[in-house]
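Examining the three-dimensional arrangement
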Amino acid sequence: MPSLIVGPVTISAVQADGVVNFGDTLVINPKSTSKGYSGSGGGNTGNFMQTVTFVSATNTLDTDAVDSNVAGNT
């Protein structure tokens, strides 16, 4: 079934593996995974952002061996 886009669409950046999908999709599987750490408000994106942070601490302790398994996704 086709999609109907009634508002503006903004794509501010395209990375090497970026995907934009409009319309019907049965399954979308990740082809790769990564982990990143950022402080309070560090991952915010948008056209008009305003953040106020007085204290920020990021816990980077990761005790598990595997976070995401993408071996079966081709």
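Going by the structure above, here's the rest.
Presented here is a report on the structure given in the accompanying data block. Note that the structure is predicted; figures quoted are calculated from it, not measured. (Residues numbered from 1 in each chain as written. Predicted model: local features only at pLDDT ≥ 70, side-chain atom pairs only at ≥ 80, totals over all residues. Heavy atoms only, no water.)

With respect to the overall build of the protein chain
- When you go through the protein chain residue by residue, the secondary structure sums to zero helices and zero strands.
- A compact globule built from 74 residues should have a C-alpha radius of gyration of about 11 Å, whereas the protein chain, at 17 Å, is more than 25% larger.
- Each principal axis of the C-alpha distribution contributes one length, and for the protein chain these read about 45 × 40 × 20 Å.
- Counting every position in the protein chain, which comprises 74 residues, the buried fraction comes to 1%.
- Within the protein chain, contacts between residues separated by at least 24 positions form 37% of all contacts whose residues are at least 6 apart in sequence.
- When the accessible area of the protein chain is evaluated, it comes to approximately 7100 Å², of which 53% is carbon and sulfur surface. (Helix = DSSP H or I, 4+ residues; strand = E, 2+ residues; numbered from the N terminus. Rg over C-alpha atoms; globule rule 2.2 N^0.38 Å. Buried < 20%, exposed > 50% of the residue type's maximum accessible area, 1.4 Å probe, protein only. Contact = heavy atoms within 4.5 Å. Areas by Shrake-Rupley, 256 points an atom, 1.4 Å probe, with all protein chains shown as cover.)

Quick look at a nonpolar patch on the surface
- Among the surface-exposed residues, Ile5, Val9, Ile11, Val14, Val20 and Phe22 lie close enough to one another that they form a single nonpolar patch of about 570 Å² accessible area.
- On the basis of relative accessibility, which here comes to 47%, the residue phenylalanine 22 falls in the partly exposed class. (Patch = residues over 30% accessible without salt bridge, like charges linked within 9 Å, V, L, I, M, F, W, Y side chains within 5 Å. Salt bridge = Lys/Arg side-chain N within 4 Å of Asp/Glu carboxyl O.)

Let's talk about the environment of valine 70
- Its relative accessible area of 19% is what places valine 70 among the buried residues.
- Considered as a pair, valine 70 and isoleucine 28 are 42 residues apart in the sequence and their alpha carbons are 12 Å apart.
- Apart from residues no more than four positions distant in its own chain, valine 70 is found in contact with Pro30, Lys31 and Thr33.

Examining the environment of threonine 58
- By relative accessible area, threonine 58 is classed as partly exposed at 38%.
- Each C-alpha atom of the pair threonine 58 and leucine 26 lies 36 Å from the other, and the pair is 32 residues apart in sequence.
- Excluding residues within four positions of it along the chain, threonine 58 makes contact with Tyr37, Ser38 and Gly39.
- Within polar-contact distance, the side chain of threonine 58 engages the backbone oxygen of serine 38 at 3.4 Å. (Polar contact = N/O pair within 3.5 Å; in protein donor to acceptor, adjacent residues only side chain to side chain.)

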